[in-house]
Amino acid sequence: MKKKIVIANWKMNHDFYETTSFLRDLLKIFFDKKINYKKKVIIAPSFPFLQISNQILQGTSLNVAAQNVHQMENGPYTGEVSASMLRSIGIKQVILGHSERKKYFSETNDILLKKIHISLKYGLNIIFCVGETFFERKRKEQFIVVKNQLEETVFQCTSEKISNFIIAYEPIWAIGTGETATPEQVQKMHKYIRTLFLDKYGEKISKKIHILYGGSINDTNARNIFSKEDIDGGLVGNSSLQIEKFLKILLS
Ligand code: PEP
């Protein structure tokens, strides 16, 4: 069976002290108590703390991801961070396409495709987010919206590159709102996404690809969500900021 993946997206939260003490406490609990959490864990802290996070987690099964990367190689892009910079400090994964980046930083599918190319060029694995708005779901357009998002981005890549992707289905109306999609709604969408991968890349890849759910996962709803056949884990925002809650999610 595929090991489920849980990703903590800390967004613009946790300073240096909070980041390092969270990770040290997490490791202590993981390895002192010898609990088998049965999940692959990826932590996405803010840019300034990627390197120290990577150092703390080095040699463990836990990994670090960046929350974003710029689409250009280098140059006059004040305040931005390149894929080669991330690689130079040992980062191997990046979240792309998060709806907050689309909403507040105007990221389009064109920009995301460039980000995909530069990330792959520098050997970064990609956690790619897709999802519909509240009104798109109301109009019953969620499937076509997600299909279009994938076709204009991830599906532009060859099958050789697809093993570098994790897909995260994140309905925008459920992110940071406390409103979760029902496990049945999520399962339906994940099955659909898997079918899209089947049609485009064949059975082996469609079975292998991890499709995570993100949107107000917490320590009480995680078990139900993770129990569904096509849900291979979760991308967790708010509930990943407190260690007790996050550990409960990992045990779900
Ligand atoms: C996210 O940021 O990707 C997310 C799912 O956030 P939250 O869990 O807070 O809804």
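Residues numbered from 1 in each chain as written. Predicted model: local features only at pLDDT ≥ 70, side-chain atom pairs only at ≥ 80, totals over all residues. Heavy atoms only, no water.

Caption draft 1: Geometry of the environment of Arg137. As for its placement among the helices and strands, Arg137 is situated in helix α6 (residues 134–138). The spacing of Arg137 and Ser252 is 115 residues in sequence and 28 Å in space, taken between C-alpha atoms. In contact with Arg137, not counting residues within four places along its chain, are Glu132, Gln142, Tyr169, Trp173 and Gln185. (Helix = DSSP H or I, 4+ residues; strand = E, 2+ residues; numbered from the N terminus. Contact = heavy atoms within 4.5 Å.)

Caption draft 2: How the structure looks around the site of the ligand. Near the ligand you find 14 residues, and of these Lys11, Glu170, Gly176, Ser216 and Gly237 are the closest. Lys11 has a polar side-chain atom sitting 2.7 Å from an oxygen atom of the ligand. Take Asn238: an N or O atom from its main chain is 2.9 Å from an oxygen atom of the ligand. Computed on the free molecule, the ligand has an accessible area of 290 Å², of which 99% lies beneath the protein chains in the complex. Residues of the shell around the ligand, tallied by class, amount to four nonpolar, eight polar and two charged. (Near = heavy atom within 4 Å. Polar contact = N/O pair within 3.5 Å; in protein donor to acceptor, adjacent residues only side chain to side chain. Areas by Shrake-Rupley, 256 points an atom, 1.4 Å probe, with all protein chains shown as cover. Nonpolar A, V, L, I, M, F, W, Y, C, P; charged D, E, K, R; others polar.)

Caption draft 3: Spotlight on the environment of Lys208. Considering the arrangement of structural elements, one finds Lys208 in helix α10 (residues 203–208). Exposure remark for Lys208: the relative accessible area of 60% places this residue in the exposed category. Put simply, Lys208 and Gly59 are 149 residues apart on the chain and 25 Å apart in space, counted from C-alpha to C-alpha. (Buried < 20%, exposed > 50% of the residue type's maximum accessible area, 1.4 Å probe, protein only.)

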